[in-house]
Amino acid sequence: METDDRELIVVMRRYFAVKAELAALTAQLEAERKAAGAEIGVFYDPRQNAERAADLQRSHHLKAEMASLMQRAEDWGRAAVAADQRDISEAEPDPEERQSFEKRADTLFGG
């Protein structure tokens, strides 16, 4: 396994760990909001809900981290696709080489 592949695995593991943490935090906050009968806009505004401000800020931080991790994974994927395309184009003989081969083959096999 290449280093880049290992790095992608680390990034994706972190992404799913953050996603699970965010889901748990969101479920907890939503349960508290419903139990309190609070309006969504008021409850999720850290300025109006000082008691939960740290959790609300944590959820925003987790969302930003997920976006950053996914961007890294997408960048890795684009780079891998570009490298694959380069490998394919480098493996294909250019038209002159192909023509030369075809002429030699015709000569050898009477084409």
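Nothing here was measured: the structure is a model prediction, and the numbers come from that model. (Residues numbered from 1 in each chain as written. Predicted model: local features only at pLDDT ≥ 70, side-chain atom pairs only at ≥ 80, totals over all residues. Heavy atoms only, no water.)

Trainee: How would you summarise the overall build of the protein chain if you had to cite specific residues and measurements?
Mentor: A count of helices and strands for the protein chain gives four helices and zero strands. Counting from the amino terminus, the protein chain carries its helices and strands in the arrangement α-α-α-α. A total of 111 residues make up the protein chain; the buried ones form 17% of that total. (Helix = DSSP H or I, 4+ residues; strand = E, 2+ residues; numbered from the N terminus. Buried < 20%, exposed > 50% of the residue type's maximum accessible area, 1.4 Å probe, protein only.)

Trainee: Run through the packing of aromatic side chains, naming residues and quoting values.
Mentor: Tallying each qualifying case throughout the model produces two aromatic pairs. Judged by centre distance (5.1 Å) and plane angle (90°), the rings of Tyr-15 and Phe-16 are edge-to-face. (Phe/Tyr/Trp six-rings, centres within 6.5 Å; stacked < 30°, edge-to-face > 60°.)

Trainee: Help me get a handle on the side chain of Arg-33, residues and values and all.
Mentor: Within the secondary structure, Arg-33 sits in helix 1 (residues 3-36). Residues within four places of Arg-33 in sequence aside, it is in contact with Ala-38, Glu-39, Ile-40, Phe-43 and Tyr-44. (Contact = heavy atoms within 4.5 Å.)

Trainee: Before we move on, can you summarise the environment of Gln-28 with the specific residues and values?
Mentor: Within the secondary structure layout, Gln-28 lies in helix 1. For Gln-28, a relative accessible area of 37% corresponds to the partly exposed category. A C-alpha to C-alpha distance of 9.8 Å links Gln-28 and Asp-55, two positions 27 residues apart in sequence.

Trainee: So, the pattern of salt bridges: which residues are in play, and what are the values?
Mentor: Here the structure, examined in full by the defined rule, presents nine salt bridges. One salt bridge in this structure joins Arg-52 and Asp-55, with 3.7 Å as the shortest N-O distance. (Salt bridge = Lys/Arg side-chain N within 4 Å of Asp/Glu carboxyl O.)

Trainee: Requested: an account of the side chain of Asn-49, with residues and values cited.
Mentor: By the element assignment, Asn-49 lies in the loop between helix 2 (40-43) and helix 3 (53-91). The class for Asn-49 is buried, based on a relative accessible area of 11%. The contact partners of Asn-49, leaving out residues within four places of it in the chain, are Val-42, Phe-43 and Leu-56.

Trainee: An account of the confidence of the model for the protein chain is requested, with residue identities and associated values reported.
Mentor: For the protein chain, the average pLDDT comes to 86, and 80% of its residues sit at 70 or higher. Across the protein chain, the secondary-structure element scoring lowest on mean pLDDT is helix 4 (residues 95-109), at 64, and the one scoring highest is helix 2, at 96. (pLDDT = per-residue confidence, 0-100.)

Trainee: Give a description of the environment of Ala-67 that names residues and reports values.
Mentor: Structurally, Ala-67 is set in helix 3. In the structure, Ala-67 is positioned 52 residues away from Tyr-15 in sequence and 8.7 Å away in space, judged by C-alpha atoms.

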